[in-house]
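Summary of structural features
One letter stands for each residue in the lines below.
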Amino acid sequence: MSTAIVLPEALKKMGFPRLIISGFLLVLFILTPFVGVDLPTQITNIINRFSWNAVLVLAMVPMIHAGCGLNFGLPLAIICGLLGGTLSIQLGFTGPMSFVMAVLIATPFAVILGGGYGLLLNRIKGGEMMIATYVGFSVMSFFCMMWLLLPYSSPTMVYGLSGNGLRPTISLDGFYNQTLARLLEIDFAKIAAALHISLGPLERIKIPTGSLIAFALLAFLMWAFLHTKTGTAMTAVGSNAAFARAAGINVDRTRMLSVIMSTWLGAMGILMYQQGFGFIQLYNAPNNLTMPTVAAILIGGASVNKASIPNVIIGTILFQGIVTMTPTVMNSAIHMDMSEVIRIIVSQGMILYALTRKAEGAK
Amino acid sequence: MTNNVNPLLQMQNIKKDFFGNQVLTDINFTLGEGEVLGLCGENGAGKSTLMKILFGMDVIRETGGYSGDILIDGKKVEFNTPFDALEAGIGMVHQEFSLVPGFTATENILLNREPCKKNIVSEVFGDRLNTLDYKEMDRRSAAAIEKMGVAIDAKMVISDMPVGHKQFTEIARELSKDQLKLLILDEPTAVLTEKEAEALLESIRGMAARGISVIFITHRLHEILAVCDKVVVMRDGYVVRDVPTRETSVEDITKWMVGRDVQSAAVGEARTNDGGRTILSIKNLWVDMPGETVRDVSLDIREGEILGIGGLAGQGKLGIPNGVMGLYEAGGKVEFNGQEIPLNNPRKCLDSSLAFVSEDRREVGLLLDESLEWNVAFPAMQIQEKFLKKLLGGFIKWRDEKGIHQVTQKYIDELQIKCTSSKQKAKELSGGNQQKVCLAKAFALEPKFLFVSEPTRGIDVGAKALVLEALKQFNRESGVTVVMISSELEELRQTCDRIAIISGGRVAGILPAAASSEEFGLLMVSQVV
Amino acid sequence: MSRKTNLPAGKRALELVQNNAVPIMFIIICAVFIPMAGFSPSYLLNEIVTRMGRNLFLVLCLLFPIMAGMGLNFAMTLGAMGAEIAIILVADWQIWGIPGVVLAMILSIPFSALLGFICGTLQNMAKGREMITSYIINFFINGWYQLIVLYIMGAIVPIAHASIMLPRGYGIRNTVSLLNMRQCLDDLLAIRVAGVKIPVFTFLLVALLCLFIVWFRRTKLGQDMRAVGQDLEVAKAAGINVDRTRIISVVMSTVCAGFGMVIYLQNIGNLPTYTGHAQIGMFCIAALLVGGASVEKAGIGNAFLGVILFHLMFIVAPGAGAFITGDSMVGEYFRVFLSYGVITLALIMYEAKKRMVRSKAGQELAEAQTKKEDA
């Protein structure tokens, strides 16, 4: 997973923008000791944020493979996850059980909504990305109403005064906050204490093993799927739909499957995000994750119609690296917090670059 | 025509090759002012390439230009773009319409040449803000339509027009150009009704009378006889005849078009198989394939034979395999081994052991961005579950990379596919090698029946021979029935046992491969639409 | 242009309804909501007139890229950003009233034109997906806008007046007060009819733009733009410089959007520095579509009808929502949902229509054959 590749051909393959971003991150890393920022804390942050976001980024892969483009309709998938999470709490589950139930409840929603979404995308081949964007918005704004109108009653979630309508931010303490992250967590401070030795700055590193294993499992399943008969068909559909059709593949059904997979992974992704972050965010929040997620997989080396698991991993690390490092390092260095602006320019610039690349324009 | 004046157009020793593939050799002819020249020849004879050279199309320059001279009014010219040709007074009506659908006939006739009036804004911001002079536009388009001599509604929007009127709008557009001296019409009557075609011929005569020269390309030979002053017949990149029309006939022209001497034509070892069992029976097939419409085709194919399907471009020969294999919308009845195969469902055809090598290599035939291994093994994997390892009792079907590699390597060796390795991407191969990959893909399916569409289109001579030989071998050794569709009659005669000629979307006739070229030629033009 | 008029009346009416499904739907929604919201007619009328003056100019600027076949210009926001930079500078120079507005408009031209040029160039690189590209450009340029306004202004570009600067010494405040140029255009020549204030001068400006659009369609450039919009290849073959024409259409759109934004801001009376432009594109596009426009065809009438219907819905939705559910937030979310929904619908109809033309020819062939067999 090393991004510091020395070979010139490899550099060329990485592409110009990726090079700049990696270089930028590298500079940030080098700067850390000089501006008095604690490197181990930063690394812990990056690992943590990686564990929150990686599954969401992974959710981009099936749709890209099947030629449905970048999934700007991610809010739809997130809504499925939100339904799973909120219903699990509403039904009274607590602790790790609430996470299991959230996964179980989110799944049928993902299959049904994803199926409908797939049906729609099959009717508008060629215009997927723009329509996905607005399907995401529409569904999200529809659910803004639903969060107010659905008969939720769990006192941890609804507005305290009126007693109905979900709050915009719901704390997951007592539910599935850190459920996976705490599983087999490696905390160097505790190890040091147990062994009665000092590990120095290493003691500030914590690794959320459970979350990483969960991601690794899903990524492995994705990788394995792409090596099966159906997975091969999906890649072929994305590579050349006419070829696949002539080879007897049901293109529409394959695309539909990819959309359902993407939606389900997106739902899992937001649950992973919530268990790491510790809060459920409703209303317009789902939209905030779309662009960073799309940008992450592109930064990782994916294009509009090709993506792989390494793209997901590299992209998430690079993007989250920039998100975590820029505010602290730049703030300490020049006392100006430009991180938000840099994040916008980097992520949108990356998407723009992918959209305007010539080789991908002709379809 | 007086002799002391230079003729309008002289073509002298025009030569053109596409990457070593000679397509035009020593083309010479002249065309006088007000003369109508009929240009005919089979597809691939070089007519379109010649016209592209004359019209300065980009593709000529991009593929290395041409040699020889074009003289207009005795002066040597060199057109780098179609706009240069337009400037010099050459107009061309292409087979594909080049009209803006939402504009009226007038707006299309004067597209980008609209008469304008100056105004205050345009004085400051430049000529593009001149206002259109609608009155003058109407006048000019009316004049052009008048010149053409066929009445069309100048105010009608193109998308509402019948197809013939679109064609006339294009012609009127060329006529509205004042400098027009020479008009090239590329199969203009193909989309016209009989009456409209009649009117067009009349209009051509009118143009000639006004001193405009016309090059008229058509497969309808009687039209040439009706309107042209002279006929130029091309074959295999040569001009084989250049004669005054009154000295010739449809039979003569047909013979020149297709006829190499019958003795010299290397007819392959064609077999007669009259008693053979019918393996595939096509009844009343129609196919909606744009540009290759099939109407009511019935055809029986015998087990073990190689049947050729020939015909001129656009007559529907390509529609047959594409329709049967479910790639374009089709209707009718297709029976394979006595069992009906549902149409519009590629999967069902493949399941019945039919295979298809598409004429469209890049769009349909290949996964350009994937490895050769994927290209060769993919259909066999998906249809017949070959190259898969079953895990967990068949629940998981895992790709067998080793098996895929082996089969690809086998075909790379057998078909002599030139590549760096079986992992190379298909898009990096040359046309001939790509075609071999397409064949390998079909062979890997081990079909009982194979459709091969234009197997030699756009590939060099060496690869051509190899591809045809591979097909023959596949037929002889594996007993596979092959239907080969090709525009090149000679190639069909070398390879096939029987040849069906499609004309006007229908079967014009079926002849043994040994039949004479004239017979084939007459069938080809018999029902041309 | 000739139109088929020999259809039976019933079928024509049906076609009319089909072709105008979206405006009819909004008329029904408004008809149901207005009584529920319980606003007085004069209040509604006043609001609508104000909002027409405020938004029409912005909506009209969307027509140029549609004419050139580039679809809905989500990047019209670029013009708004250009205007905002101009207005910040004008506010800093303390030039108020009509001169301030005029100066802001003039000053916005180079910014908007430059941004429009960038946008058009990028869209030319992404033919076939202009809309998603313009949508992303909008966010991308927003990043640069923030960089300039939040970090460069006051730090590198001198800003004289602390009143518009963040207390930290550089960057512009979240809100810049434009009290001194508030409604100065609207008040010019304004008349009151039955308690409804009509901003005559603003309407005159809108009318001027409409006239310009009508006139522009009749110019050579307008004709070229329409040709490019209908068929890029044909236009290219006829010798029209397609890329340049497309860029011009985007530049015209952004420059007009810049003017529109100045009109918008003088009406509001303050500049929400970082959020002012964010939703402008979405609301203008939704309004145009509500007026019955589609991705490839839009006219001045669509803009007028759209602004009226969309904003009527916008005004009454919270009240109606409160009436139905007892929670005014539901109505607010509902109107956002409708805005997104109408754009989604228009995009889906546009893409689906592109694919519908197929299969018609097949039916004809089958018919021809059965006819022959019958005979």
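All figures in this text were calculated on a predicted structure; none of them were measured in a lab.

Regarding the interface of chain A and chain C
Listed by partner, the interface residues are 41 residues for chain A and 38 residues for chain C. Around 3700 Å² of area is buried between chain A and chain C when both sides are counted, 75% of it from carbon and sulfur atoms. For the chain A face of the interface with chain C, the top three residues by lost area are Met130(A), Tyr134(A) and Leu352(A), together amounting to 18%. Between chain A and chain C we count zero salt bridges in total. Elements with a minimum of two residues in the side of chain A that touches chain C: helix H6 (95-123), helix H7 (128-149), helix H15 (339-356) and helix H16 (358-361) of chain A. If you tally residues by element for the side of chain A that touches chain C, the top one is H7(A), at 14 residues. Each residue belonging to the side of chain A that touches chain C can be placed in one class, and the counts come to 26 nonpolar, 11 polar and four charged.

Some words on the sheet that holds strand E18 (residues 354-357) of chain B
Residues and elements named next belong to chain B. Spatially, E18-E21-E22-E15-E23-E24 is the arrangement adopted by the six strands of the open sheet, whose pairing is mixed. Looking at the sheet topology across the chains shown, the edges are occupied by E18 and strand E24 (506-512). Each neighbouring strand pair of the sheet contributes to a mean axis angle of 20°, computed without reference to strand direction. Judged from the five bridges that link them, strand E21 (residues 449-453) and strand E22 (residues 481-485) form a sheet pairing that is parallel. Within E22, the residue paired with Leu-450 across the bridge is Val-482. Across the sheet, helix H16 (residues 431-444) is in contact with E18 and E21; its angle to E18 comes to roughly 175°.

Here's the deal with the sheet that holds strand E4 (residues 67-72) of chain B
All names here are of chain B. With antiparallel pairing, the four strands of this open sheet are ordered in space as E2-E1-E4-E5. The open sheet has two edge strands with one neighbour each: strand E2 (21-31) and strand E5 (75-77). Each adjacent strand pair in this sheet contributes to an overall mean axis angle of 30°, direction not counted. Pairing of strand E1 (residues 9-18) with E2 involves seven bridges; the strand directions are antiparallel.

Here we look at the packing of aromatic side chains
One pass over the full model with this rule turns up 38 aromatic pairs over all chains. Where Phe356(B) meets Phe451(B), the ring centres are 6.5 Å apart and the plane angle is 90°; that geometry is what we call edge-to-face. Residue Phe356(B) is located in strand E18, and its partner Phe451(B) is located in strand E21; the two are separated by 95 residues in the primary sequence. Exposure remark for Phe356(B): the relative accessible area of 11% places this residue in the buried category. The exposure class assigned to Phe451(B) is buried, which follows from its relative accessible area of 1%. For the ring pair Phe310(C) and Phe314(C), a centre distance of 5.4 Å and an interplane angle of 35° mean the geometry is tilted. Taken as a pair, Phe310(C) and Phe314(C) lie in helix H14 (residues 300-325) at a separation of four residues, close to a single helical turn. What makes Phe310(C) buried here is its relative accessible area of 0%. Ring pairs connect the aromatic residues Tyr134(A), Phe137(A), Phe74(C), Tyr135(C), Phe139(C) and Tyr340(C), which therefore count as one cluster.

With respect to the interface of chain B and chain A
Between chain B and chain A, the contact holds 29 residues from the first and 20 residues from the second. Connecting chain B to chain A are two salt bridges. Sorting the residues of the side of chain B that touches chain A by element identifies helix H12 (346-351), helix H13 (361-365), helix H14 (372-384) and strand E20 (396-399) of chain B as the ones contributing at least two each. Ranked by residue count, the leading element in the side of chain B that touches chain A is H14(B), at seven residues. Of the residues contributing to the side of chain B that touches chain A, the split by class is 15 nonpolar, four polar and 10 charged.

Here we look at the nonpolar core
With 232 residues, the main nonpolar core has Leu58(A), Phe72(A), Tyr134(A), Trp147(A), Ile297(A) and Ile343(C) as its most contacted residues. Sorting elements by how many residues they give to this core places H7(A) first, with 15 residues. Those residues within four positions of Tyr134(A) in sequence are excluded, and the remaining contacts are Phe74(C), Tyr135(C), Met282(C), Tyr340(C), Ile343(C), Thr344(C) and Leu347(C).

Section: helix H10 (residues 220-230) of chain C
Counted residue by residue, H10(C) has nine buried out of 11 residues, so it is predominantly covered. Regarding H10(C), the residues found buried are Lys220(C), Leu221(C), Gly222(C), Gln223(C), Asp224(C), Met225(C), Arg226(C), Ala227(C) and Val228(C).

Topic: the packing of H14(B) against helix H15 (residues 401-414) of chain B
Residues and elements named next belong to chain B. At their nearest, the axes of H14 and H15 sit 9 Å apart, and the two run at 110° to each other. As judged from the angle between their axes, H14 and H15 are roughly perpendicular. With respect to the hand of their crossing, H14 and H15 are arranged in right-handed fashion. Contacts between H14 and H15 pair Leu-372, Glu-373, Val-376, Ala-377 and Met-381 from the former with Ile-404, His-405, Thr-408, Tyr-411 and Ile-412 from the latter. Residues of the contact of H14 with H15, tallied by class, amount to seven nonpolar, two polar and one charged.

A short note on the pairing of strand E16 (residues 329-336) of chain B
Residue and element names in this part refer to chain B. Sheet analysis places strand E13 (residues 278-288) next to E16, joined by seven bridges and oriented antiparallel. Opposite Ser-281, over in E16, you have Glu-335 as the bridge partner. Where E16 and strand E17 (residues 339-340) come together, two bridges link them in antiparallel fashion. Paired with Glu-335 across the bridge in E17 is Glu-340. Counting the residues that bridge the hairpin from E16 to E17 gives two residues, and of these Asn-337 lies at a positive phi of roughly 55°.

Quick notes on helix H6 (residues 134-148) of chain B
All names here are of chain B. Along its 15 residues, H6 runs 21 Å from first to last C-alpha, staying within 8% of the 21 Å computed at 1.5 Å per residue. Looking at the buried positions of H6, the neighbouring elements they touch are helix H4 (105-109), strand E8 (131-132), helix H7 (163-175) and helix H8 (194-209). A positive backbone phi angle near 85° is found at Gly-149, which sits one or two residues after H6.

Quick notes on the confidence of the model for chain B
All names here are of chain B. Mean pLDDT over chain B stands at 86; residues scoring 70 or higher make up 96%. Across residues 261-265 the pLDDT falls below 50, and counting only partners more than four positions away or on other chains, this stretch makes four contacts in the model. What the predictor reports for the complex is a pTM of 0.85 with an ipTM of 0.85.

What counts and what doesn't
Residues numbered from 1 in each chain as written. Chains lettered and ligands numbered in written order. Predicted model: local features only at pLDDT ≥ 70, side-chain atom pairs only at ≥ 80, totals over all residues. Heavy atoms only, no water. Contact = heavy atoms within 4.5 Å. Buried area = accessible area lost by both parts, 1.4 Å probe. Salt bridge = Lys/Arg side-chain N within 4 Å of Asp/Glu carboxyl O. Helix = DSSP H or I, 4+ residues; strand = E, 2+ residues; numbered from the N terminus. Nonpolar A, V, L, I, M, F, W, Y, C, P; charged D, E, K, R; others polar. Pairing = 2+ DSSP bridges. Axes fitted to C-alpha atoms, helices over the stretch in contact; angles between N-to-C directions. Phe/Tyr/Trp six-rings, centres within 6.5 Å; stacked < 30°, edge-to-face > 60°. Buried < 20%, exposed > 50% of the residue type's maximum accessible area, 1.4 Å probe, protein only. Core = buried A, V, L, I, M, F, W, Y, C linked by side-chain atoms within 4.5 Å. Parallel < 35°, antiparallel > 145°, perpendicular 65-115°, else oblique. Left-handed = near helix turned anticlockwise from the far one by under 90°. Expected span 1.5 Å × (residues − 1). pLDDT = per-residue confidence, 0-100.

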